[in-house]
Amino acid sequence: MTAVSLPPGGRAAALAARRARRRSAALGVLAWAAGIGFCLPALWMAVTSLHSETDAAANPPALTASLTLDGYRAFFGADGGSTPWPSLLNSLSASVLSTVLVLLLALPAAYALSIRPVRKWRDVMFFFLSTKMLPVVAGLLPVYLFAKNAGLLDNIWLLVILYTSMNLPIAVWMMQSFLADVPVSIIEAAQVDGARLPTVLARVVAPVAAPGIAATALICFIFSWNELLFARVLTGVAAQTAPVYLTGFVTSQGLFLAQLCAASVVVSLPVLAAGYAAQDKLVQGLSLGAVK
């Protein structure tokens with residue numbers, strides 16, 4: 001049986017194909033390693049939350065230690081301590097309400113800057129983006145004095161207004177790029193049929209730009225849920241949010257690592273749930289170039 005020899009061109013093509021497969025395999029292994037590296041801290045936090053305080057504080061960590069739910073019981077006040085539900089509800093209320101307000105305000109603004117562009121709309125967009133470059137701590141004292149004089153300290157509605165104003169620029173910037181891809185012909189067809197602007201936005205623009213709206217809503221929700229500085233300074237007990245409540249577990253005395261990890265897992269679950277619920281729209285939105 002004789003071996004079949006390939007022509008020089010065929011050998012070169014086969015060699016190039018093998019090199020491409022090896023390169024693809026190497027990139028796949030690198031991607032898996034990077035993904036595991038990103039997920040490892042969260043997995044470590046989840047495992048630590050299931051250990052006792054003594055095992056969680058062991059150095060080196062006790063990987064084979066027995067699992068327990070004592071950290072979660074302590075976090076939810078099973079031993080007679082404070083309960084996290086008011087803080088979680090405050091964070092949920094402030095994040096959801098501010099996100100809804102941001103979408104209601106950003107959609108017509110992005111419509112005006114993309115489908116019906118105003119003069120020097122690029123300057124307007126860069127002005128919106130420049131407001132996100134201001135250090136948050138620079139505006140902390142004026143906001144605190146305003147809230148104190150207006151009697152809004154420890155008020156959840158103050159956080160709703162603040163989160164709306166903080167997330168509105170980035171929401172307008174993101175949604176403008178999505179609405180720029182909406183065909184103008186379908187908007188003109190709706191207007192010929194007698195649809196007014198609110199109807200056009202709700203029944204024509206919003207369904208077409210749904211992936212972008214979902215991506216924008218999720219990012220605004222995450223920013224609001226994770227915000228700590230304003231909530232720490234402007235709230236006390238009645239409007240305390242989950243991140244502020246979480247900082248109360250960090251003390252200089254005693255063992256708190258397992259309970260802190262349990263609290264971190266619980267506080268992270270709403271964001272993970274929102275991301276999972278909107279994952280299809282989020283992937284479509286980000287792949288269309290929302291974050292530039």
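Just above sits the structure.
Residues numbered from 1 in each chain as written. Predicted model: local features only at pLDDT ≥ 70, side-chain atom pairs only at ≥ 80, totals over all residues. Heavy atoms only, no water.

The helix and strand tally for the chain stands at 14 helices and zero strands. If you list the helices and strands of the chain from N to C, you get α-α-α-α-α-α-α-α-α-α-α-α-α-α. Every one of the 292 residues in the chain was classed for burial, and the buried ones make up 35%. Contacts in the chain between residues at least 24 apart in sequence constitute 76% of all its contacts with a sequence separation of at least 6. Summing over all exposed atoms, the chain offers an accessible surface of approximately 17,400 Å²; the carbon and sulfur share of this is 69%. (Helix = DSSP H or I, 4+ residues; strand = E, 2+ residues; numbered from the N terminus. Buried < 20%, exposed > 50% of the residue type's maximum accessible area, 1.4 Å probe, protein only. Contact = heavy atoms within 4.5 Å. Areas by Shrake-Rupley, 256 points an atom, 1.4 Å probe, with all protein chains shown as cover.)

With that out of the way, let us pick up the nonpolar core. In this structure, Leu 107, Tyr 111, Ile 115, Leu 179, Ile 187 and Val 205 are the most contacted members of the largest nonpolar core, which totals 24 residues. Secondary-structure elements contributing two or more residues to this core are α4 (85-114), α7 (156-179), α8 (184-192), α9 (197-208) and α10 (210-226). Those residues in contact with Val 205 that lie beyond four places of it in its chain are Leu 107, Tyr 111, Ile 115, Leu 179, Ile 187 and Val 200. In terms of nonpolar packing, the next biggest core, distinct from the first, is built from 16 residues, Ala 242, Tyr 245, Phe 249 and Val 271 among them. (Core = buried A, V, L, I, M, F, W, Y, C linked by side-chain atoms within 4.5 Å.)

Before going further, it helps to spend a moment on unusual backbone geometry. Notably, Asp 154 is not glycine yet its phi reads approximately 60 degrees, a positive angle. Structurally, the position occupied by Asp 154 is in the loop between α6 (140-150) and α7. In this structure Asp 154 comes out as partly exposed when scored by relative accessible area, which is 25%.

So, about the packing of α10 against helix α13 (residues 257-277). Running from N to C, α10 and α13 cross one another at 175 degrees; their axes reach a closest spacing of 10 Å. Between α10 and α13, the interaxial angle falls into the category roughly antiparallel. Together, Leu 218, Phe 221, Ile 222 and Trp 225 of α10 and Val 267, Pro 270, Val 271, Ala 274 and Gly 275 of α13 make up the contact between the two elements. Its residues placed into classes, the contact of α10 with α13 shows eight nonpolar, one polar and no charged. (Axes fitted to C-alpha atoms, helices over the stretch in contact; angles between N-to-C directions. Parallel < 35°, antiparallel > 145°, perpendicular 65-115°, else oblique. Nonpolar A, V, L, I, M, F, W, Y, C, P; charged D, E, K, R; others polar.)

The next thing to look at is the layout of surface pockets. Counted as a void, the largest pocket has a volume near 330 Å³. Forming the boundary of the largest pocket are Thr 131, Lys 132, Leu 134, Pro 135, Val 136, Gly 139, Val 143, Leu 162, Ser 165, Met 166, Pro 169 and Phe 230. By residue number, the principal contributor to the lining of the largest pocket is α7, which donates four residues. Classifying every residue of the lining of the largest pocket by side-chain character gives eight nonpolar, three polar and one charged. (1 Å grid on protein atoms, 1.4 Å probe; cavity = no way out; pocket = protein on both sides within 12 Å on 5 of 7 lines; lining within 4 Å. Points joined across faces, edges and corners; volume = space filled by probe spheres on them.)

We now examine α10. Relative to the 24 Å expected for 17 residues at 1.5 Å per residue, α10 spans 24 Å between its end C-alpha atoms, a close match to the ideal helical length. Here α10 lies mainly inside the structure; 13 of its 17 residues are buried. (Expected span 1.5 Å × (residues − 1).)

Looking now at the side chain of Ser 91. Residue position: Ser 91 is located in helix α4. Assessed through its relative accessible area of 3%, Ser 91 is described here as buried. Among residues more than four places away in sequence, those in contact with Ser 91 are Trp 225, Thr 241, Ala 242 and Pro 243.

Turning our attention to the packing of α7 against α10. It is the contact of α7 with α10, at a shortest axis distance of 10 Å, that shows an interaxial angle of 155 degrees. On the basis of the axis angle, α7 is roughly antiparallel to α10. Helix-helix and strand crossings are classified by hand; for α7 and α10 the assignment is right-handed. Of α10, the residues touching α7 (which contributes Tyr 163, Asn 167, Ala 171, Met 174, Met 175 and Phe 178) are Gly 212, Ile 213, Ala 215, Thr 216, Ile 219, Cys 220, Phe 223 and Ser 224. Here the residues of the contact of α7 with α10 are counted per class, giving ten nonpolar, four polar and no charged. (Left-handed = near helix turned anticlockwise from the far one by under 90°.)

The next subject is the packing of aromatic side chains. This model, assessed by the stated rule, comprises four aromatic pairs. The interplanar angle of 35 degrees and the centroid separation of 5.5 Å between the aromatic rings of Phe 76 and Trp 85 together place this pair among those described as tilted. A network of ring pairs unites the aromatic residues Phe 75, Phe 76, Trp 85 and Tyr 245 as a single cluster. (Phe/Tyr/Trp six-rings, centres within 6.5 Å; stacked < 30°, edge-to-face > 60°.)

Nonpolar side chains collect at one region of the surface, where Leu 89, Leu 92, Val 96, Val 100, Leu 101 and Leu 104 lie side by side and expose about 510 Å² of accessible area between them. As for its position among the elements, Leu 92 is in helix α4. Overall, the relative accessible area of 38% leaves Leu 92 in the partly exposed class. (Patch = residues over 30% accessible without salt bridge, like charges linked within 9 Å, V, L, I, M, F, W, Y side chains within 5 Å. Salt bridge = Lys/Arg side-chain N within 4 Å of Asp/Glu carboxyl O.)

With that out of the way, let us pick up a positive patch on the surface. Taken together, the side chains of Arg 18, Arg 19, Arg 21, Arg 22 and Arg 23 make up a positively charged region of the molecular surface. Mapped onto the elements of the fold, Arg 19 is located in helix α1 (residues 8-49). (Lys, Arg positive; Asp, Glu negative; His and termini not counted. Charge placed at Lys NZ, Arg CZ, Asp CG, Glu CD.)

Another point: the pattern of salt bridges. Using the criterion set out here, one finds one salt bridge in the structure. The salt bridge involving Asp 70 is made with Arg 73; its shortest N-O contact spans 2.8 Å. Remark: Arg 73 and Asp 70 occur in helix α3 (residues 70-75); sequence separation between them is three residues, near one turn of the helix. Look at Asp 70 and you get partly exposed, because its relative accessible area is 44%.

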